[in-house]
Amino acid sequence: MKSGFVAVAGRPNVGKSTLTNAIAGGKVAIVSDKPQTTRHKIFGIANGDDYQLVLLDLPGFQRPLDALTERMQRTVDTSFEDVEGVLFALSARERIGAGDRYIASRVFSLGVPVVIALNKVDRLKPGHIATQMATAAKLGPFHALHPVSGKTSDGIPELKQELVSLLPEGPPYFPQEQRTNLPLKLQIAELVREKALELTREELPHAISVEVDELADRVVRANVLVETDSQKQIVVGKGGSMIKQIGTRARPEIEALLGHPVFLELQVKVRPHWRRDDTILQRLGV
Ligand SMILES: Nc1nc2c(ncn2[C@@H]2O[C@H](COP(=O)(O)OP(=O)(O)OP(=O)(O)O)[C@@H](O)[C@H]2O)c(=O)[nH]1
Ligand SMILES: [Mg+2]
């Protein structure tokens, strides 16, 4: 039996969570087109007959702006200890530049194999993919480089094999049926936040947080936290239309997670400066 941990590093929005889900074979991390979606360290556990690969999906590397992003970056910084390798994710759809080189300087100095995933190659011309691969190859002494698409799963089985090959002999760390480390309440809060991210724009997504207040037999009560009254107005929407839509989109996924129907009650609350408030952040599990 082979087992071990591999950290997923990369700039915000390159598709780290999408890759984690694709490799774990199920949704463990929420995904959005807004940067800084992932705020926690999330385990994506892939089980095979003779291996257990635990991916650590992480927030993107960033310059901290407040207590929230500071905690997120700390999560990243402390997650590279005791990993068997790093999955370094890049987006083939963007210029590979200074941000990627900064991360490269960090991950290539860890002393573990670095596997580069050049993500988002779906619908790109082969010539463009080849150019991006050549640029990616200059980032450092990589162990392997895989052009993949987390979205279509193109190249994912090969990438997964590559990561499994890095693992030493060892016992499984988690039960076979477990796919992630996040407590149930947090998983539910994340699903609600994902839908809020889908439906809001500009600065608002970053101002939103979700906490599950009550998880009873058939009832889930959650608070959607924002920072100002005007943000609250937007998230509530005309006659409650926006918050209703968030609930409508989140409920089926929560029911799939719990395995039974639930009544989902969402309340929008103003918590000024929650992003700078360590007590609130701790409660949110960040
Ligand atoms: N076309 C395409 N889009 C992708 C692919 N992988 C991810 N995306 C999109 O890229 C966006 C970001 O994906 P995430 O998985 O949330 O990215 P992330 O790196 O985890 O982002 P943060 O958590 O914010 O750092 C989403 O809109 C995804 O749908 C891919 O292979 N192809
Ligand atoms: Mg993410």
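Residues numbered from 1 in each chain as written. Chains lettered and ligands numbered in written order. Predicted model: local features only at pLDDT ≥ 70, side-chain atom pairs only at ≥ 80, totals over all residues.

### Topic: the overall build of the chain
Here is step 1 of the chain: Along its length, the chain carries 10 helices and 9 strands.
Here is step 2 of the chain: The C-alpha atoms of the chain give a radius of gyration of 19 Å, which matches the 19 Å a tight globule of 286 residues would have.
Here is step 3 of the chain: With respect to the three principal axes, the spread of C-alpha positions in the chain is 55 × 40 × 35 Å.
Here is step 4 of the chain: Residues classed as buried in the chain amount to 40% of the 286 residues present.
Here is step 5 of the chain: Considering only intrachain contacts with a sequence separation of at least 6, the fraction spanning at least 24 residues in the chain is 70%. (Helix = DSSP H or I, 4+ residues; strand = E, 2+ residues; numbered from the N terminus. Rg over C-alpha atoms; globule rule 2.2 N^0.38 Å. Buried ≥ 20, exposed ≤ 12 C-beta atoms within 10 Å, placed from the backbone. Contact = placed C-beta atoms within 7 Å.)

### Overview of unusual backbone geometry
Here is step 1 of the chain: Here the phi dihedral of N13 falls at roughly 75°; this positive angle occurs in a residue that is not glycine.
Here is step 2 of the chain: Note on placement: N13 falls in the loop between β1 (2-10) and α1 (16-24).
Here is step 3 of the chain: Even without being glycine, R123 reaches a positive phi, approximately 65°.
Here is step 4 of the chain: Secondary-structure assignment places R123 in the loop between β5 (114-119) and α4 (126-137).
Here is step 5 of the chain: The exposure class assigned to R123 is exposed, which follows from the 9 C-beta atoms found within 10 Å.

### Examining the site of ligand 1
Here is step 1 of the chain: Neighbouring ligand 1 are 23 residues, the closest being G15, S17, T18, T38 and G60.
Here is step 2 of the chain: The biggest single contributor to the shell around ligand 1 is α1, with 3 residues.
Here is step 3 of the chain: Residue composition of the shell around ligand 1, by class: 5 nonpolar, 13 polar and 5 charged. (Near = placed C-beta within 6 Å. Nonpolar A, V, L, I, M, F, W, Y, C, P; charged D, E, K, R; others polar.)

### Let's talk about the domain arrangement of the chain
Here is step 1 of the chain: Per the domain assignment, the segments making up the chain are domain 1 (2-164) and domain 2 (184-283).
Here is step 2 of the chain: For domain 1 and domain 2, the distance between their C-alpha centres works out to 27 Å.
Here is step 3 of the chain: In this assembly, 9 residues from domain 1 lie in contact with 13 residues from domain 2.
Here is step 4 of the chain: Its residues assigned to classes, the side of domain 1 that touches domain 2 comprises 3 nonpolar, 3 polar and 3 charged. (Domains from an automatic or database assignment.)

### Overview of the sheet that holds strand β7 (residues 209-215)
Here is step 1 of the chain: Read across the open sheet, the 3 strands follow the order β7-β8-β9; overall the sheet is mixed. Since the sheet does not close on itself, it has two edges, and those belong to β7 and β9 (263-270), each with one partner. In this sheet, adjacent strand axes meet at a mean angle of 25° when their direction is disregarded.
Here is step 2 of the chain: Where strand β8 (residues 219-226) and β9 come together, 8 bridges link them in parallel fashion. Within the sheet, the bridge partner assigned to V224 lies in β9 and is V268.
Here is step 3 of the chain: Sitting on the sheet, helix α6 (residues 184-199) touches β7, β8 and β9, and the angle it makes with β7 is about 135°. (Pairing = 2+ DSSP bridges. Axes fitted to C-alpha atoms, helices over the stretch in contact; angles between N-to-C directions.)

### A few points about the nonpolar core
Here is step 1 of the chain: Formed by 73 residues in total, the largest nonpolar core has its most connected members in L87, F88, V192 and V224.
Here is step 2 of the chain: Two domains each put at least three residues into this core: domain 1 (2-164) and domain 2 (184-283).
Here is step 3 of the chain: Setting aside its immediate chain neighbours within four residues, V224 contacts V192, A196, I208, V210, V235, I243, L266, Q267 and V268. (Core = buried A, V, L, I, M, F, W, Y, C linked by C-beta atoms within 7 Å.)

### Some points on the sheet that holds strand β6 (residues 144-147)
Here is step 1 of the chain: Taking strand neighbours across the sheet as the criterion, the 6 strands line up as β2-β3-β1-β4-β5-β6 in an open arrangement whose pairing is mixed. At either end of the open sheet lies a strand with only one pairing partner, and these are β2 (42-48) and β6. Ignoring strand direction, the axes of neighbouring strands in this sheet form an average angle of 25°.
Here is step 2 of the chain: Together, β1, β2, β3 (51-57), β4 (85-91) and β5 form the strand contacts of α1, whose direction differs from that of β2 by roughly 25°.

### Focus: helix α2 (residues 67-77)
Here is step 1 of the chain: Buried within α2 are the following residues: L68, M72 and V76. The buried residues of α2 occupy one face: seen down the axis, they fall within an arc of 80°.
Here is step 2 of the chain: Looking at the packing, one finds that the buried side of α2 touches α10 (278-283). (Arc of directions from axis to C-beta.)

### Observations regarding helix α3 (residues 98-107)
Here is step 1 of the chain: Taken together, the buried positions of α3 are D100, I103, A104 and V107. The arc that holds the buried residues of α3, viewed along the axis, is 110°, so those residues lie on one side. Projecting away from the buried face of α3 at angles above 90 degrees are the exposed residues A98, R101, Y102 and S105.
Here is step 2 of the chain: The secondary structure elements touched by the buried residues of α3 are β1, β4 and β5.

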